[in-house]
Amino acid sequence: MKKFLIIGFLFFLTGCGSNNIRMLTCTTTTEKEGMKVDINVESNWENDKLNTLKVETFYQLENSLTLEEQNSFKTYVDSTMSSWNDMAGVKYDSNMKNNQFFMSLNIEASKGKNALKVFGIDAEKVDYDSLKQSLEEDNYICK
């Protein structure tokens with residue numbers, strides 16, 4: 001009986017029968033018009049199907065920008081990106097602080113198929129390796 005409990009506990013710890021979960025994180029950095037831009041793309045996979053895609057973008061704005069100019073930049077980006085919140089399975093968020101602008105798009109693949117198509121991703125056909133290869137071809141470093 002003791003061996004049975006130990007084996008059962010080991011199955012529980014190792015997740016026997018649990019879903020195969022993987023994560024792919026890719027990053028790139030560019031400089032545009034005096035701004036440093038860092039982009040992180042994180043995808044979560046369950047049973048070899050895309051579960052979620054998160055795109056985070058960090059802008060380091062010029063230090064010479066006034067608070068009004070920073071707010072204008074945020075307002076412009078938010079107005080451009082706000083339509084993403086109208087799409088099923090998508091959440092857009094942003095924040096501005098100390099010349100740093102942050103925005104994120106979180107897409108739930110099962111509900112946000114139309115949003116994924118904007119990125120050229122077919123939620124039903126994409127796989128981990130093809131997404132990784134595509135991002136690496138666009139100069140992302142993937143882990």
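See the structure printed just above.
Residues numbered from 1 in each chain as written. Predicted model: local features only at pLDDT ≥ 70, side-chain atom pairs only at ≥ 80, totals over all residues. Heavy atoms only, no water.

### A short note on the overall build of the chain
At step 1: The secondary structure content of the chain amounts to four helices and six strands.
At step 2: When the elements of the chain are put in sequence order from the N terminus, they spell out α-β-β-β-α-β-β-α-α-β.
At step 3: Out of the 143 residues in the chain, the part that is buried amounts to 31%.
At step 4: Taking the intrachain contacts of the chain between residues at least 6 apart in sequence as the baseline, contacts between residues at least 24 apart amount to 48%.
At step 5: Surface summary for the chain: the accessible area is close to 9,800 Å², and the carbon and sulfur share equals 53%. (Helix = DSSP H or I, 4+ residues; strand = E, 2+ residues; numbered from the N terminus. Buried < 20%, exposed > 50% of the residue type's maximum accessible area, 1.4 Å probe, protein only. Contact = heavy atoms within 4.5 Å. Areas by Shrake-Rupley, 256 points an atom, 1.4 Å probe, with all protein chains shown as cover.)

### As for the packing of aromatic side chains
At step 1: A full pass over the atoms with the stated rule returns six aromatic pairs.
At step 2: Considering the side-chain rings of F58 and F102, the 4.9 Å spacing of their centres and the 40° angle between planes classify their relative orientation as tilted. Of this pair, F58 sits in strand β3 (residues 49–60) while F102 sits in strand β5 (residues 100–108), placing them 44 residues apart in sequence.
At step 3: Aromatic side chains W84 and F119 sit 5.7 Å apart centroid to centroid with 35° between the ring planes, which places their arrangement in the tilted category. Of the two residues, W84 sits in the loop between α2 (67–81) and β4 (90–97) while F119 sits in the loop between α3 (113–118) and α4 (128–137), which places them 35 residues apart along the sequence. (Phe/Tyr/Trp six-rings, centres within 6.5 Å; stacked < 30°, edge-to-face > 60°.)

### Details of the environment of L105
At step 1: Along the chain, L105 falls in strand β5.
At step 2: Classification of L105 by relative accessible area gives buried; the value is 4%.
At step 3: Spatially, the C-alpha atom of L105 lies 9.9 Å from that of A115, the residues being 10 residues apart in sequence.
At step 4: The residues contacting L105, other than those within four sequence positions of it, are L53, K54, V55, M81, W84, V90, K91, Y92 and F119.

### Focus on the side chain of S94
At step 1: Within the secondary structure layout, S94 lies in strand β4.
At step 2: Among the polar contacts listed, one links the side chain of S94 to the side chain of K74, at a separation of 3.0 Å.
At step 3: At a separation of 2.7 Å, a polar atom in the side chain of S94 contacts the side chain of D78.
At step 4: The contacts of S94, once residues within four sequence positions are left out, are K74, D78, F101, F102 and M103. (Polar contact = N/O pair within 3.5 Å; in protein donor to acceptor, adjacent residues only side chain to side chain.)

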